[in-house]
Amino acid sequence: MQNGKPAGVRCIQLDDRDRCRLFGDPRRPQVCSSLQPAADMCGDTREHAMHWLTELERLTFTTADRHLPQRNTTAV
Ligand code: SF4
């Protein structure tokens, strides 16, 4: 996404199965490629992973993101 993905916004590269369209593509952002899965981040359920990601976004939320809608973490 131009200027990076704001907190709380669904990445435009996610397909309808929540898979990254840029996986394996050199255009994939470095921050995405460098993020390694870990048990404490992924957990055993989608809900655990979404809670973790939501907390990361909350911690990195900036005032520039305030006008943006929040992610619906209950959607499947
Ligand atoms: S890995 Fe990065 S580019 Fe791909 S969907 Fe997630 S945030 Fe978007």
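Residues numbered from 1 in each chain as written. Predicted model: local features only at pLDDT ≥ 70, side-chain atom pairs only at ≥ 80, totals over all residues.

(A) Expanded view of the overall build of the protein chain. For the protein chain, the count of helices and strands is three helices and zero strands. Taken from the N to the C terminus, the helices and strands of the protein chain come in the order α-α-α. Across the protein chain, contacts joining residues at least 24 apart in sequence account for 45% of those joining residues at least 6 apart. (Helix = DSSP H or I, 4+ residues; strand = E, 2+ residues; numbered from the N terminus. Contact = placed C-beta atoms within 7 Å.)

(B) Expanded view of the site of the ligand. In the neighbourhood of the ligand, the contacting residues comprise Lys-5, Cys-11, Gln-13, Leu-14, Cys-20, Leu-22, Arg-28, Pro-29 and Cys-32. Here the residues of the shell around the ligand sort into six nonpolar, one polar and two charged. (Near = placed C-beta within 6 Å. Nonpolar A, V, L, I, M, F, W, Y, C, P; charged D, E, K, R; others polar.)

(C) Looking closely at the environment of Asp-40. Mapped onto the secondary structure, Asp-40 falls in helix H2 (residues 39–42). For Asp-40, a count of 7 C-beta atoms within 10 Å puts it in the exposed group. A sequence separation of twelve residues divides Asp-40 from Trp-52, and the C-alpha atoms of the two residues are 8.6 Å apart. (Buried ≥ 20, exposed ≤ 12 C-beta atoms within 10 Å, placed from the backbone.)

(D) Spatial organisation of the confidence of the model for the protein chain. Per-residue pLDDT for the protein chain averages 84, and the proportion of residues at 70 or more is 83%. The element-level mean pLDDT for the protein chain is lowest in helix H3 (residues 46–60), coming to 90, with H2 highest at 95. (pLDDT = per-residue confidence, 0-100.)

(E) Layout of unusual backbone geometry. The backbone phi angle of Asp-18 is positive, close to 60°, even though this residue is not glycine. The topology assignment puts Asp-18 in the segment before helix H1 (30–34).

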